[in-house]
Amino acid sequence: MIDMHCHIVPFTDDGAVDNDASLEMGKLAMELGYTDIICTSHYIIHDIENDYSEYRDNVEKLNKLFEENGITVKLHPGNEIFFTNDIVNLVKDKKVSSLNDTKYVLVEFPLFNNTLPMNAYDEFNALQDAGYTPILAHPERYDFVSKGVECLIPLVESGVLLQANMGSINGKYGKHAQKNIKKMLKLNMVHFFGTDSHNTSVYEMQEKALKKVKKIIKDDELIEKIFVENPQKVLNNEKISIWYPKSK
Ligand SMILES: [Fe+2]
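A few points on the structure. (Residues numbered from 1 in each chain as written. Predicted model: local features only at pLDDT ≥ 70, side-chain atom pairs only at ≥ 80, totals over all residues.)

**Digging into the sheet that holds strand 4 (residues 74-76)**
Strand order in the open sheet made by the 3 strands is 1-2-4, with parallel pairing throughout. At either margin of the open sheet sits one strand with a lone partner, and together these are strand 1 (2-6) and strand 4. Strand-to-strand, the axes of this sheet are offset by a mean angle of 25 degrees, without reference to chain direction. Two elements, strand 2 (residues 36-39) and strand 4, share 3 bridges in a ladder whose sense is parallel. When the sheet's bridge partners are listed, isoleucine 37 is paired in strand 4 with leucine 75. Against the sheet, helix 2 (residues 52-68) engages strand 2 and strand 4, with an angle of about 175 degrees to strand 4. (Pairing = 2+ DSSP bridges. Helix = DSSP H or I, 4+ residues; strand = E, 2+ residues; numbered from the N terminus. Axes fitted to C-alpha atoms, helices over the stretch in contact; angles between N-to-C directions. Contact = placed C-beta atoms within 7 Å.)

What follows is the structure, encoded as structure tokens:
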């Protein structure tokens with residue numbers, strides 16, 4: 001299993017606070033059956049702008065530390081890019097890492113805006129024109145989705161993939177996100193789950209969350225796609241065939 005959204009690199013963002021915290025997260029991930037984690041530290045213009053090379057060195061250092069401590073989970077570079085102008089050039093100019101240096105790029109929107117960012121489609125189109133596939137992080141958490149998760153359908157139809165957070169189904173981010181994720185699962189609007197772990201808490205609630213997801217989806221093939229096949233395709237830079245929401 002692959003965790004494609006995780007803030008496990010220490011001293012980088014609001015995730016793991018030190019090496020011990022990263023080791024604790026890695027150990028728990030391994031026990032849960034994760035083989036790979038894509039490190040998706042925040043990249044926020046004018047706020048968290050980690051140096052590209054230094055960040056990737058830190059991912060490698062953490063890989064070594066894991067090996068020394070018997071943690072078999074393999075770490076890969078990536079970023080969670082806070083929505084901004086010209087994302088495509090941030091990727092091309094190697095300011096940020098796509099997911100495991102593939103054509104998949106993880107983008108997050110501001111949480112509390114009540115509309116989609118005005119230039120969202122322009123930015124995503126520019127990425128797509130350059131051969132990248134945008135993945136929107138935790139759509140269920142955004143305020144603008146309170147209008148109804150159906151407002152995300154045009155995004156999916158334009159080729160944006162949706163990555164939900166495991167914690168949302170357990171209510172970690174409140175009733176709003178929990179309600180949205182349930183609806184998204186019913187409408188078949190989730191292409192991946194990530195943990196978005198900043199510490200061990202989501203891993204600790206993982207089994208409970210998985211049970212809840214399975215109760216809603218009830219389709220083993222789809223579960224396998226969301227939790228295993230699609231993240232593996234991201235890691236391998238393979239094409240993912242998009243499925244469209246049921247309400248369409
Ligand atoms: Fe995140």
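**Some details on the pairing of strand 7 (residues 133-137)**
Side-chain direction in a regular strand flips from residue to residue, so the side chains alternate between the two faces of the sheet. Among the 5 residues that make up strand 7, 5 are buried, leaving the element largely enclosed by the rest of the structure. The two faces of strand 7 match: Thr133, Ile135 and Ala137 on one face and Pro134 and Leu136 on the other face are all buried. As defined by bridge partners, strand 6 (residues 104-108) adjoins strand 7 across 4 bridges and the pair is classed as parallel. Looking at strand 7, one finds that leucine 106 is bridged to isoleucine 135. In this view, the connection linking strand 6 to its parallel neighbour strand 7 by way of helix 4 (residues 120-129) has right-handed handedness. As paired strands, strand 7 and strand 8 (residues 161-165) are joined by 3 bridges and run parallel to one another. (Buried ≥ 20, exposed ≤ 12 C-beta atoms within 10 Å, placed from the backbone. Right-handed = clockwise from strand over helix to strand, strands pointing away.)

**Re the nonpolar core**
In this structure, Ile37, Cys39, Ile81, Val105, Val107 and Val190 are the most contacted members of the largest nonpolar core, which totals 63 residues. Ignoring sequence-local partners within four residues, the contact set of valine 190 consists of Leu162, Ala164, Met184, Leu185 and Ile226. (Core = buried A, V, L, I, M, F, W, Y, C linked by C-beta atoms within 7 Å.)

**A look at the environment of isoleucine 48**
Its location among the elements puts isoleucine 48 in the loop between strand 3 (41-43) and helix 2. Between the alpha carbons of isoleucine 48 and valine 9 there is a distance of 13 Å; along the sequence they are 39 residues apart. If we ignore the near neighbours within four places in the chain, the residues touching isoleucine 48 are Asp13, His42 and Tyr43.

**Re the environment of serine 97**
With respect to the helices and strands, serine 97 occurs in the loop between helix 3 (87-92) and strand 6. The buried category is assigned to serine 97, around which 27 C-beta atoms lie within 10 Å. Note: C-alpha distance between serine 97 and glycine 78 (19 residues apart in sequence) is 4.7 Å. What serine 97 contacts, discounting residues up to four positions off in sequence, is Arg56, Pro77, Gly78 and Asn79.

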